[in-house]
Amino acid sequence: MSLTDPGPANARSAASRAFALCACLVAAISLPLLAIAQEKKADVKETSVYPTAPTTPPPPTKVENSEAVLELKPYAEIITGTEATFQMLPIPGGTFLMGSPADEAARKDWEGPQIPVQVSPFWMSQQEVRWNEYSLFMDSLDKRRRAQRNAEPEAQDAWADAVSRPTPPYVPMDFDMGTDGYPAISMTQFAAKQYTKWLSMKTGRFYRLPTEAEWEYACRADTTTPFSFPTDEVNDHGWWFDNCDGQYQPPGKLKSNAFGLFDMHGNVCEWCLDAFTDDGYKHLLVDGKVPTEPVLDPLNWPTKLYPRVARGGHWDDDPDRLRSAARRGSSRNWKSQDPQLPKSIWYHTDAQWLGIRLVRPLNPPPFSEWPKYHDANLEEIEVIQNRQRTGKR
């Protein structure tokens with residue numbers, strides 16, 4: 001059995017079984033928890049392998065249409081010092097009912113109650129983040145190519161080079177499904193947020209993950225039906241189990257929604273900033289009732305590592321999981337085959353359908369507040385991150 005030949009009846013499980021074999025081979029080099037405990041007890045101060053970032057905001061890079069990045073118009077972002085580019089589309093602000101009605105087919109309790117929400121204007125990436133962009137960050141290709149060319153750093157690299165990068169994975173993280181033009185997958189929410197941090201420093205523009213409200217508003221594109229398209233057109237708009245050929249597909253091959261966004265339904269799930277709760281949006285009720293006025297830009301900030309929200313459904317799902325209101329919460333099981341102890345802060349080895357879509361708000365927060373959206377803010381992650389910043393795993 002191999003990932004390149006999973007067989008028609010085994011598409012849902014071949015990748016997991018293949019990775020389990022790899023996990024057995026590398027288990028002997030797992031990082032013991034005891035080593036971290038001993039270092040914390042000794043309180044050893046070690047030198048970081050990362051530079052210290054300037055305390056001022058990075059200067060913005062130039063784009064072809066300089067007005068577009070200020071006036072909520074479409075623009076192409078080019079990652080400075082590389083040839084990677086991606087499109088950002090304007091999403092006008094507005095109001096909508098977040099969640100699904102009680103009578104929607106296949107509805108889950110955590111998709112309600114429906115809450116009136118007002119969303120401020122923002123840009124969203126037209127497609128899911130691809131390996132073409134993400135590998136520059138994950139594999140430090142931007143720094144390695146700069147060194148190969150003996151090129152001088154760009155002005156923004158003083159900030160970007162200071163951002164933590166993922167440790168090398170034990171296996172190729174595309175799991176033999178393809179990289180060039182394909183969506184990046186299997187990253188933790190922390191890794192996704194660090195990517196948006198790196199991208200923000202690399203461009204001088206504030207990028208982050210979408211809030212759950214922003215994601216659903218953009219997905220619906222002014223529709224109130226289960227999908228942003230007629231139910232019988234799912235194969236025209238979304239990659240799912242029956243039409244995906246057993247793996248993810250290059251973004252942009254199917255039809256977009258009314259906002260021009262591709263693959264909001266299926267292909268890969270997309271991280272949001274929010275915590276996932278089984279009682280849905282009850283935290284937005286006022287005195288136990290649905291508010292009469294729209295809630296402005298809600299964001300349910302996480303206070304623990306699991307569960308956190310991913311949206312959109314994926315290539316190994318059935319259509320009901322691709323609905324506009326469908327949501328799922330992250331789980332420790334998403335990295336159950338990771339051989340490391342403690343588990344990696346960068347990779348969800350069992351979520352080979354989990355990716356990223358970018359948001360850039362029209363009115364970004366001040367630079368001093370960027371870390372709130374980009375960093376871990378959890379000690380269990382920060383301990384490992386700080387260890388890795390000194391060159392250790």
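Below or above, wherever it landed, is the structure these notes cover. Worth saying up front: this structure is predicted, and the values here are computed from it rather than measured.

On to the packing of aromatic side chains, then. Inspection of the entire model under this criterion finds 20 aromatic pairs. Taking the centre distance of 5.5 Å and the plane angle of 75° together, the rings of Phe206 and Tyr373 count as edge-to-face. With Phe206 in the loop between α6 (189-203) and α7 (212-220) and Tyr373 in helix α9 (residues 370-374), this pair connects stretches of sequence that are 167 residues apart. Since its relative accessible area comes to 3%, Phe206 is described here as buried. A residue is classified by how much of its surface remains accessible, and Tyr373, at 16% relative accessible area, is buried. Among the aromatic side chains, those forming a connected cluster through ring pairs are Trp131, Tyr134, Phe137, Tyr195 and Trp198. Here Arg389 stacks its cationic end above the ring of Tyr50, 4.2 Å away from the centre of that ring.

Pairing is mixed across the open sheet formed by four strands, whose spatial order is β9-β8-β6-β10. Edge positions in the open sheet fall to β9 (327-329) and β10 (354-355), since each of these has one partner strand only. Here strand β6 (residues 269-275) runs beside strand β8 (residues 308-311); their pairing, made up of three bridges, is antiparallel. Counterpart to Glu270 in the pairing with β8 is Arg311. Along the sheet face, α6 touches β6 and β8 and points at about 95° away from the line of β6.

All right, on to the environment of Asp320 then. Residue position: Asp320 is located in the loop between β8 and β9. The spatial distance from the C-alpha of Asp320 to the C-alpha of Ala105 is 8.0 Å, given a sequence separation of 215 residues. Not counting residues within four places of it along the chain, the set of residues in contact with Asp320 comprises Ala106 and Ala326.

The rules behind the values
Residues numbered from 1 in each chain as written. Predicted model: local features only at pLDDT ≥ 70, side-chain atom pairs only at ≥ 80, totals over all residues. Heavy atoms only, no water. Phe/Tyr/Trp six-rings, centres within 6.5 Å; stacked < 30°, edge-to-face > 60°. Helix = DSSP H or I, 4+ residues; strand = E, 2+ residues; numbered from the N terminus. Buried < 20%, exposed > 50% of the residue type's maximum accessible area, 1.4 Å probe, protein only. Lys NZ or Arg CZ within 6 Å of the ring centre and 35° of its normal. Pairing = 2+ DSSP bridges. Contact = heavy atoms within 4.5 Å. Axes fitted to C-alpha atoms, helices over the stretch in contact; angles between N-to-C directions.

In short, the description is geometric, and any link to function would need to be established separately.
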